[in-house]
Amino acid sequence: MSAWIMAAFMLTAAAGAVMVILYRNPVYSALSLVLTMFALSAIYVMMGAYFIAVAQALVYAGAIVVLFLFVIMLLNLRNQQALKESFGLRAAVGALLGALFIGVAGGTMWAVLSPDQFSKSAEVFKDEGHTESLARLLFKNNLVPFEAVSLILLAALIGVVVLIRFHGRPSSDNSEESNDA
Amino acid sequence: MNRPLKGLMTMMQIIDFDWGAFAPSLTLLAAALIVCALSMGHSQASAVRAAWASLIGVAAAAVLTLMSDAPALYFSFGAQDADGNPIALFSVDSMMRSFMLICLVSTALCILLSIGYLRQRGALRPEFYALTLLCALGMTIIAGSQDLILIFIGIELMSLPLYILACFQRGSASSEASMKYFLLGAFSSGFLLFGIALIFGSTGSTLLQDLTGVSSPLFAIGLALVFVGLAFKIAAAPFHQWAPDVYHGAPTPVTAFFASAPKAAAFAALLYLFQAASAMRAEWSTIFAVLACISMTIGNLIALTQKNLKRMLAYSSVAHVGYALVGVAAGASESVLFYLAAYAVMSVGAFGVASALSSKENEMSELNDYAGLGFRRPLVGIGMTLFMLSLTGLPPTAGFTGKLLLFKDAYAAGLGWLVIVAALNSALSAYYYLGVVVKMYMTQPSKEPAHAPSIRHKTAAAALIAAAALVFIGGAAPKAMMNAFHISTDAAETAVQNVPSEAAQ
């Protein structure tokens, strides 16, 4: 029974992802992403990973996609033609390669994985709480990778400053050149 | 079947942490943070200070790496497996040091090139150097990683600054290059991450040492996806489409950087994974041989038709990735290292000439800009000729030694057909590399400019002299260059013997 519910959530997640790229209206695309995120969160619940499930719903569906929506609305993308791309040879080849990949990878996973493997993960968290085992993973074995991520955030931060200071003000062109001379 | 990974299983010494072994990386980190602090300044002077601080940081890290000769050490950072034994997340050994030195040397040369170029265009910003240092830090993380998660974080830390460095010049070409690079980079990171997830799904571990001897279909698909992601990063054909546009649109010193250091770092990840995945070595070797063949041929054939120097060198870098992949297919990591070092300095040199000669009015990116330059600027002409000879693979240059080592190892590994393809490709490439030399010495510019382009900045001249010296040393005294880059000279033979014995099993 639970395998079927799981499969339903998986299909919902996949359908949401497909809708993200098919919709021409960016707002609909962002809302489809919410659907995918919620379906993923439901899958995590069924696997016993409650903390990740909540974080997924709160952070991705609640914060990140809402931020996407704000940006889309601020940019005021009225012209939906901007997101329209003709279905040319390039798209056809891409679709063919994508289908091939899904066929090979999905087929292999279908052959290798069995439904009861999903319920196995719930047993992992039985002895100790889920947050505890997550913290152990994050702050013991993966402490250095975890800290290294902060450097990526630093790089992203500097990048944003550069883009805004530098590309945001085309009018400042002359003043800077005169500085140089 | 469980062959030791770089002698890992036999005598692995895992310790928590050691300040001495991490001194170069920590120097780089400290320099990055200091330059970040300097970025708060807005003036031209603070940008120059940031540039010199970053140069000192990179040079200090390089010197520390060069001087260290401690035996191979593995670090767990406190990580333990289920039984409480420490597990190796990071290694500091001679191979890691070689990759670090290649990356640091090319980073230092590009910093030198960038100062004059950016100042001329009013784009000299301290942030440029903060990003360069963070990028270099990402490369050192990749160079020592023994864990897929760390490799991924290293690659992201390296890539993110690159996207922004690409748009450091005003104008639509630079912004377009950056956007294109960002989108395709994100796409390739998706491949990488999905592949890592599948590898974790099939082995239950992200440690490279746990990948030895695994052969399941899911693992093979995961590894293939990771390789595709890395092929995007190194711009091997058929995953190279982004490279010409990005190389063309980015500021020239940044292009020089793209072609050298990040490529070497991505090759480090590729080599480590190739070594770790020992179970299907023969199959992967064949796949890489085919990839090398496609990359060399496509790169050289399209480069033949280019009229723009930067685009031509971009396609040539696709071809050079192909040559280096010949070494990967042969399992000859030492000669791949030497080739990467040689390619890094010669491509920085070639792009560097264009960067140093360019001015705000003339980008010096068209081949016609070089007509008759050889006699008007003799020193520049000699330098450019040296870099072009090296890119072709003619003696006495590093490019020649690198190709010689690669071809020898590939032949010994039983890849004779690939050596023939590579040699034919080298002959083909001579046409367009030597075309630049012909242009410089045997043609006259269509309209005589008032004054020929010249190198206006001492820092750029210093970078070019250093690159030319390294290219010459690599050809005249390869042993010296190998020692300088910590590439062990005797291991070149032993590395070759692995593949045939593996295939025989």
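These numbers were taken from a predicted model, which means no experiment stands behind them.

Q: Help me get a handle on the overall build of chain B, residues and values and all.
A: For chain B, the helix and strand inventory stands at 20 helices and three strands. Looking at chain B as a whole, 63% of its 505 residues are labelled buried. Partitioning the contacts of chain B with sequence separation of at least 6, the portion at a separation of at least 24 is 80%.

Q: Summarise the overall build of chain A; cite the residues concerned and give the values.
A: Secondary structure assignment for chain A yields eight helices and zero strands. Ordering the α and β elements of chain A from the N terminus gives α-α-α-α-α-α-α-α. Going through the 181 residues of chain A one by one, you find that 24% of them count as buried. For chain A, the proportion of contacts with a sequence separation of at least 24, taken over those separated by at least 6, is 60%. In the form shown here, chain A has an accessible surface area of approximately 12400 Å², with 71% of it arising from carbon and sulfur atoms.

Q: Would you mind going over the confidence of the model for chain A in detail, with residue names and values included?
A: Predicted coordinates in regions of low pLDDT should not be interpreted in detail. All names here are of chain A. For chain A, the mean per-residue pLDDT works out to 79, and 77% of the residues sit at or above 70. Least confident of the elements in chain A is helix α8 (residues 173-180), whose mean pLDDT is 39; most confident is helix α2 (residues 26-46), at 90. The low-confidence segment residues 171-181 (pLDDT under 50) makes 11 contacts with residues lying over four places distant or belonging to another chain.

Q: Tell me about the interface of chain A and chain B, residues and numbers included.
A: Contacts between chain A and chain B engage 32 residues on the former and 45 residues on the latter. Taken together, both faces of the contact between chain A and chain B bury some 3300 Å²; the carbon and sulfur share is 71%. Linking chain A with chain B are zero salt bridges. When residues of the side of chain A that touches chain B are traced back to their parent elements, those giving at least two are α4 (89-112), α6 (130-141), α7 (143-167) and α8 of chain A. Sort the elements by how many residues they give to the side of chain A that touches chain B and α7(A) lands first, with 17 residues.

Q: Please give an account of the side chain of T108(A) that cites residues and values.
A: When you line up the elements, T108(A) lands in helix α4. Overall, the relative accessible area of 14% leaves T108(A) in the buried class. A polar contact of 2.6 Å, which involves the side chain of T108(A), links it to the backbone oxygen of V104(A). When near neighbours in sequence (up to four residues on either side) are disregarded, T108(A) contacts P217(B), L218(B) and I221(B).

Q: Residue-level account of the packing of aromatic side chains, with values.
A: All names here are of chain B. All told, the structure shown has 30 aromatic pairs over all chains when counted by the stated rule. Plain terms: the ring middles of F17 and F77 are 6.3 Å apart, the flat faces sit at 45° to each other, and that makes the pair tilted. Taken as a pair, F17 in the loop between β1 (14-15) and α1 (23-38) and F77 in the loop between β2 (73-75) and β3 (90-92) lie far apart in primary sequence, 60 residues in all. Look at F22 and F77: their rings are 5.7 Å apart centre to centre, the planes differ by 50°, and that puts the pair in the tilted class. Of the two residues, F22 is situated in the loop between β1 and α1 and F77 in the loop between β2 and β3; the sequence distance between them amounts to 55 residues.

Q: Can you lay out empty space enclosed by the protein for me, pointing to particular residues and giving the numbers?
A: All names here are of chain B. On inspection of all chains with the given rule, the structure shows five cavities of 30 Å³ or more. Estimated volume of the largest cavity: approximately 90 Å³. As for the largest cavity, its lining consists of M158, S159, L162, Y181, K233, W242, Y247, F258, P262, K263 and A266. Every element with two or more residues in the lining of the largest cavity is listed here: α5 (148-165), α8 (242-249) and α9 (252-276). Ranked by residues supplied to the lining of the largest cavity, first place goes to α9 with four residues. Classifying every residue of the lining of the largest cavity by side-chain character gives eight nonpolar, one polar and two charged.

Q: A description of the nonpolar core should follow, citing residues and the corresponding values.
A: Counting residues in each nonpolar core, the largest one holds 197 residues, and the members touching the most others are F267(B) and L325(B). Those residues in contact with L325(B) that sit more than four places away from it in its chain are I234(B), A236(B), F267(B), L270(B), F288(B), L291(B) and A292(B). One finds L33(A), M37(A), L69(A) and I72(A) within the second-largest nonpolar core, a separate group that totals eight residues.

Q: Kindly report on the pattern of salt bridges, identifying the contributing residues and their values.
A: When the charged atoms of two side chains with opposite charge come close together, those side chains can pair. Residue and element names in this part refer to chain B. The tally for this structure, following the rule as stated, stands at five salt bridges over all chains. Between E363 and R121 there is a salt bridge, and its shortest N-O distance comes to 3.2 Å. Separated by 242 residues along the polypeptide, E363 in the loop between α12 (333-357) and α13 (373-376) and R121 in the loop between α3 (94-120) and α4 (126-144) bring together distant segments of the chain. Taking the relative accessible area as the measure of exposure, E363 reaches 23% and is therefore partly exposed. Take R121: its relative accessible area is 11%, and that puts it in the buried class. Ionic contacts of the salt-bridge type, sharing partners, join the residues E176, K180, D245 and R311 into one network.

Q: Hey, could you go over a nonpolar patch on the surface for me, with residue numbers and the actual values?
A: A surface patch of nonpolar side chains, about 1000 Å² in accessible area, is lined by V54(A), L58(A), V59(A), Y60(A), I64(A), V66(A), L67(A), F68(A), F70(A), V71(A) and L75(A). Checked against the element boundaries, V71(A) lands in helix α3 (residues 50-75).

Q: An account of α5(B) is requested, with residue identities and associated values reported.
A: The end-to-end C-alpha distance of α5(B), which contains 18 residues, comes to 26 Å, matching closely the 26 Å that a straight helix rising 1.5 Å per residue would cover. With respect to burial, α5(B) is a largely interior element, 17 of its 18 residues being buried.

Q: So, the packing of α12(B) against helix α15 (residues 398-412) of chain B: which residues are in play, and what are the values?
A: Residue and element names in this part refer to chain B. It is the contact of α12 with α15, at a shortest axis distance of 9 Å, that shows an interaxial angle of 155°. The angle between α12 and α15 falls in the class roughly antiparallel. Classified by chirality, the crossing of α15 by α12 is left-handed. Judged by residue contacts, S335, V336, F338, Y339, A342 and M346 of α12 engage A398, G399, T401, G402, K403, L405, L406 and D409 from α15. Class assignment for the residues of the contact of α12 with α15 results in eight nonpolar, four polar and two charged.

Q: Account for the environment of L184(B), naming residues and giving values.
A: The topology assignment puts L184(B) in helix α6 (residues 172-203). Sequence separation between L184(B) and K233(B) is 49 residues; the distance between their C-alpha atoms is 9.2 Å.

Q: Now, about unusual backbone geometry: what can you tell me, with residues and values included?
A: Residues and elements named next belong to chain B. Cis rather than trans, the peptide bond between A237 and P238 has omega equal to 0°. Relative to the elements of secondary structure, P238 occurs in the loop between α7 (217-234) and α8. For the peptide bond that leads from P395 to P396, omega is 5°, which places it in the cis range. Residue position: P396 is located in the loop between α14 (378-392) and α15. One non-glycine residue, H486, adopts positive backbone phi at about 60°. You can see H486 is positioned in the loop between α18 (478-484) and α19 (491-496). What makes H486 buried here is its relative accessible area of 17%.

What counts, and where the lines are drawn
Residues numbered from 1 in each chain as written. Chains lettered and ligands numbered in written order. Predicted model: local features only at pLDDT ≥ 70, side-chain atom pairs only at ≥ 80, totals over all residues. Heavy atoms only, no water. Helix = DSSP H or I, 4+ residues; strand = E, 2+ residues; numbered from the N terminus. Buried < 20%, exposed > 50% of the residue type's maximum accessible area, 1.4 Å probe, protein only. Contact = heavy atoms within 4.5 Å. Areas by Shrake-Rupley, 256 points an atom, 1.4 Å probe, with all protein chains shown as cover. pLDDT = per-residue confidence, 0-100. Buried area = accessible area lost by both parts, 1.4 Å probe. Salt bridge = Lys/Arg side-chain N within 4 Å of Asp/Glu carboxyl O. Polar contact = N/O pair within 3.5 Å; in protein donor to acceptor, adjacent residues only side chain to side chain. Phe/Tyr/Trp six-rings, centres within 6.5 Å; stacked < 30°, edge-to-face > 60°. 1 Å grid on protein atoms, 1.4 Å probe; cavity = no way out; pocket = protein on both sides within 12 Å on 5 of 7 lines; lining within 4 Å. Points joined across faces, edges and corners; volume = space filled by probe spheres on them. Nonpolar A, V, L, I, M, F, W, Y, C, P; charged D, E, K, R; others polar. Core = buried A, V, L, I, M, F, W, Y, C linked by side-chain atoms within 4.5 Å. Patch = residues over 30% accessible without salt bridge, like charges linked within 9 Å, V, L, I, M, F, W, Y side chains within 5 Å. Expected span 1.5 Å × (residues − 1). Axes fitted to C-alpha atoms, helices over the stretch in contact; angles between N-to-C directions. Parallel < 35°, antiparallel > 145°, perpendicular 65-115°, else oblique. Left-handed = near helix turned anticlockwise from the far one by under 90°.

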